[in-house]
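Structural description and commentary
The primary structure of each chain is shown beneath.
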Amino acid sequence: NAGVMQNPRHLVRRRGQEARLRCSPMKGHSHVYWYRQLPEEGLKFMVYLQKENIIDESGMPKERFSAEFPKEGPSILRIQQVVRGDSAAYFCASSWDGLAKNIQYFGAGTRLSVL
Amino acid sequence: KNEVEQSPQNLTAQEGEFITINCSYSVGISALHWLQQHPGGGIVSLFMLSSGKKKHGRLIATINIQEKHSSLHITASHPRDSAVYICAVDNTDKLIFGTGTRLQVFP
């Protein structure tokens, strides 16, 4: 049973380009969470999704950022027109049920560098 | 003031020492998580607890809901325990993280 898979592990983009980060949750998990870790800072919640639904996106910037978790396929975090301040490690986690009932399993993260 | 505070920020120890990392929080929670982030960046969930105490190998986590405080203990520490330990609280289905405690254990 593979763990949470994130790809790519490293992503380099120039300012103004789009970044797409993918997350495949653990088998059987229908809850996905995205977190951002800025350099030398702690982790911050971005968005919580269940299949085809965004449950809580209170931590996600209103502009340029979007997330989806389609019925089939991985969850995608999309950042349009990237800026240098988007450079960070983006972690995805999944759980079988809602957070209070289950441990979250984390992916290895995608490290985004914006040139 | 951060909603989740950890102390100390940095900790060095000699192999074999008993380690304690503290976490205090100011919001209502349904559970508290302890995570370990390795030097390579990967994150592992160590514990999720909502009351009392849990033990796994050399790791022990306790929580006092009334005092809004949790501790993570490592007995007989080893250099491979060197990592950043992160406390996170579950607040309405999203995690709020502490800034982490960087632990280095020397042989």
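A brief report on the enclosed structure follows. (Residues numbered from 1 in each chain as written. Chains lettered and ligands numbered in written order. Predicted model: local features only at pLDDT ≥ 70, side-chain atom pairs only at ≥ 80, totals over all residues. Heavy atoms only, no water.)

Observations concerning the side chain of Q36 of chain B
All names here are of chain B. Along the chain, the position of Q36 falls in strand β4 (residues 31-37). Using a relative accessible area of 11% as the deciding quantity, one classes Q36 as buried. Sequence-distant contacts of Q36, that is, excluding residues within four places in its chain, are made with G42, I43, V44, L46, D81, A83, V84 and Y85. (Helix = DSSP H or I, 4+ residues; strand = E, 2+ residues; numbered from the N terminus. Buried < 20%, exposed > 50% of the residue type's maximum accessible area, 1.4 Å probe, protein only. Contact = heavy atoms within 4.5 Å.)

Some words on the interface of chain B and chain A
At the junction of the two partners, chain B supplies 17 residues and chain A supplies 19 residues. Where chain B abuts chain A, roughly 1600 Å² becomes buried across the two surfaces, and 62% of that area is made up of carbon and sulfur atoms. By the criterion of area lost to chain A, the three top residues of chain B are I43, D93 and F97 of chain B, representing 34% of everything that side buries. Joining chain B to chain A, the criterion identifies 1 salt bridge. Broken down by secondary-structure element, the contributors of at least two residues to the side of chain B that touches chain A are β4, β5 (43-49), β9 (83-91) and β10 (94-97) of chain B. (Buried area = accessible area lost by both parts, 1.4 Å probe. Salt bridge = Lys/Arg side-chain N within 4 Å of Asp/Glu carboxyl O.)

Some points on the state of the cysteines
All names here are of chain A. Enumeration over the complete set of coordinates arrives at 2 disulfides over all chains. Sulfur-sulfur distance for the disulfide between C23 and C92 comes to 1.7 Å. Given an S-S torsion of about -45 degrees, the disulfide between C23 and C92 has left-handed geometry. Here C23 is found in strand β3 (residues 19-24), whereas its partner C92 is found in strand β9 (residues 88-95), with 69 residues between them in sequence. Taken as a pair, C23 and C92 share a single burial class, namely buried. (Disulfide = S-S within 2.5 Å.)

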